[in-house]
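Chain residues, written in single-letter form:
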Amino acid sequence: MPSVLGVLERRERVALARAEELRAELERVQAAVVEAEEAVRRAVIAREETVAALAEAAGEAGASSAAVDAPAVGVAGPRVEVPLWREGSGIEVLPPDCARIVALVREDAAGGGQGVRARKMREHLGWPASDAKEQAARFRAKRLVERGWLSEGRPGLFRPRAA
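Here the residue numbering is sequential within each chain, running from 1 through the sequence in written order. For this predicted model, a pLDDT threshold of at least 70 governs which residues receive local features, and a threshold of 80 or more governs which side-chain atom pairs are given and counted, while totals over whole chains, interfaces and linings are taken from all residues. Side-chain numbers here rest on the full set of heavy atoms in the structure, without hydrogens or water.

Draft legend 1. Quick peek at the packing of aromatic side chains. Any two of the Phe, Tyr and Trp rings considered here, Trp counted by its six-membered ring, make a pair once their centres fall within 6.5 Å; the pair's planes then place it as stacked at under 30 degrees, edge-to-face at over 60, or tilted in between. Going through the model one piece at a time under the given rule, you end up with zero aromatic pairs. Directly above the ring of tryptophan 127 sits lysine 133, whose terminal nitrogen or CZ lies 5.6 Å from the centroid. Two thresholds decide whether a charge sits over a ring: the Lys NZ or Arg CZ must be within 6 Å of the ring centre and within 35 degrees of the ring normal. A cation sits over an aromatic face here: arginine 161 above tryptophan 85, 3.4 Å from the ring centre.

In C-alpha cells form, the structure reads like this:
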C-alpha cells in the first residue's frame, strides 16, 4: 500500500507537469495572437494605402472623390470611413452616425458618466433593438477608438479620447 506522502508527491509531479504543458500551450497561443494582430495591422495599412491611392488617382483623373468614398454594404450595414483624429478636428468631419456617437460619449463624460455602451449608442441613434444593430454601433465605436476619436477604458465602455 502506497504511503500518503508518496501519493501526494505523485499528485504534485502530475500537477507540475500539467502546469508546464499549459505554460507551453499559453506561449503558443500568445504567439498566435501576436501573429494575428500583426496580420490585422498589415491589412488595415493596406486598406488605408489603397483608399489613399484610389483617392489620389481619382483626383488626378478629375473624378469626384464620392466614387472612392462610397460605402460598401456589409452584414452590419454600410461601411463608414472614419478619418484619423487630428488636433483641431471637429466632429463635423465624421460620418453622421459616428459624429452622434462621439457627441453622446462626450455628453456622458460631461455629466460625470463612466462611459457609454453599444446598447445606449444604438438607442441614441434610433436604430431598432437587435443584436446586429448593437454590434454595428459597437463596431463604429471601436473604429472611432482605432482612429483616435474615443477611448475604451474597460472592454465595451467608451469614453472621450484621452487628452
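Draft legend 2. Up close: the pattern of salt bridges. Take a side-chain nitrogen of Lys or Arg and a carboxyl oxygen of Asp or Glu: if they are within 4 Å of each other, that pair is a salt bridge. Applying the stated criterion to the full structure yields 14 salt bridges. For arginine 47, the salt bridge goes to glutamate 81, with nearest N and O atoms at 3.7 Å. One end of the pair, arginine 47, is in helix α1 (residues 4–60); the other, glutamate 81, is in the loop between β2 (77–78) and α3 (96–110), and 34 residues separate them in sequence. The class for arginine 47 is partly exposed, based on a relative accessible area of 21%. Only protein chains enter the accessibility calculation, which uses a 1.4 Å probe; a residue whose area is less than 20% of its type maximum is buried, one above 50% is exposed, and one in between is partly exposed. On the basis of relative accessible area, glutamate 81 is assigned to the partly exposed category, the value being 29%. Note that glutamate 123 is salt-bridged to arginine 122, the shortest N-O span being 3.9 Å. Comment: elements are numbered from the N terminus, with helices defined as DSSP H or I runs of at least four residues and strands as E runs of at least two.

Draft legend 3. Just the packing of helix α4 (residues 118–125) against helix α5 (residues 131–146), in detail. All axes are obtained by fitting lines to C-alpha atoms, using only the stretch in contact for helices, and the reported angles, taken between N-to-C directions, cover 0 to 180 degrees. Where α4 contacts α5, the axes come no closer than 8 Å and their chain directions differ by 105°. With respect to α5, the axis of α4 lies roughly perpendicular. Residues Ala118, Arg119, Met121 and Arg122 of α4 lie in contact with α5, whose contacting residues are Lys133, Glu134, Ala137, Arg138 and Ala141. In this classification, Asp, Glu, Lys and Arg are treated as charged, Ala, Val, Leu, Ile, Met, Phe, Trp, Tyr, Cys and Pro as nonpolar, and every other residue, Gly included, as polar. Tallied by class, residues from the contact of α4 with α5 come to four nonpolar, no polar and five charged. By the definition adopted for this analysis, an angle is roughly parallel if under 35 degrees, roughly antiparallel if over 145, roughly perpendicular if from 65 to 115, and oblique otherwise. Two residues qualify as a contact provided that any one of their heavy atoms is within 4.5 Å of a heavy atom in the partner residue.

Draft legend 4. Seen up close, the nonpolar core. Remark: nonpolar core denotes a set of buried residues (Ala, Val, Leu, Ile, Met, Phe, Trp, Tyr, Cys) joined through side-chain atoms within 4.5 Å. Leu94, Ile101, Val105, Met121, Leu144 and Leu150 are the most contacted members of the largest nonpolar core, which totals 20 residues. Among the secondary structure elements, those contributing two or more residues to this core are α3, α4 and α5. It is α3 that contributes the most residues to this core, six residues altogether. Not counting the four nearest positions on each side in its chain, valine 105 is found in contact with Val116, Met121, Leu150, Phe158, Arg159 and Pro160.

Draft legend 5. The side chain of arginine 122, seen in detail. Along the chain, the position of arginine 122 falls in helix α4. When residues no more than four places from it in sequence are discounted, the contact partners of arginine 122 are Trp127, Pro128, Ala129, Ser130, Lys133, Glu134 and Ala137.

Draft legend 6. Representation of the packing of α3 against α4 in the model. Packing of α3 against α4 leaves a shortest axis separation of 10 Å and a crossing angle of 120°. Here α3 is positioned oblique relative to α4, judged by the angle of their axes. As α3 packs across α4, the resulting crossing turns out to be right-handed. Where α3 abuts α4, its residues Asp97, Arg100, Ile101, Leu104, Val105 and Asp108 lie against Lys120, Met121, His124 and Leu125. Note on convention: the crossing is left-handed when the near helix lies turned anticlockwise from the far helix by less than a right angle, right-handed when the turn is clockwise.

Draft legend 7. Up close: α5. One less than the number of residues in a helix, times 1.5 Å, gives the span that helix is expected to have. Along its 16 residues, α5 runs 22 Å from first to last C-alpha, staying within 8% of the 22 Å computed at 1.5 Å per residue. All buried positions along α5 are accounted for by Glu134, Ala136, Ala137, Arg140, Ala141, Arg143 and Leu144. One or two steps after α5, the chain reaches glycine 148, where phi turns positive at roughly 90°.

Draft legend 8. Geometry of the confidence of the model for the protein chain. By definition, pLDDT measures how confident the predictor is in each residue, and it falls between 0 and 100. Across the protein chain, the average pLDDT comes to 84, with 87% of residues at 70 or higher. Note that residues 63–76 has pLDDT below 50 and, in this model, 13 contacts with residues that lie over four places away or in other chains.

Draft legend 9. Highlighting α4. Taken together, the buried positions of α4 are occupied by Ala118, Met121, Arg122 and Leu125. One face of α4 carries all of its buried residues, which in axial projection span an arc of 100°. Residues of α4 that are buried sit in contact with α3, α5 and β4 (157–160). Glycine 126 sits one or two positions beyond α4 and adopts a positive phi of about 75°. To be clear, the arc concerns the directions from the helix axis to the C-beta atoms.

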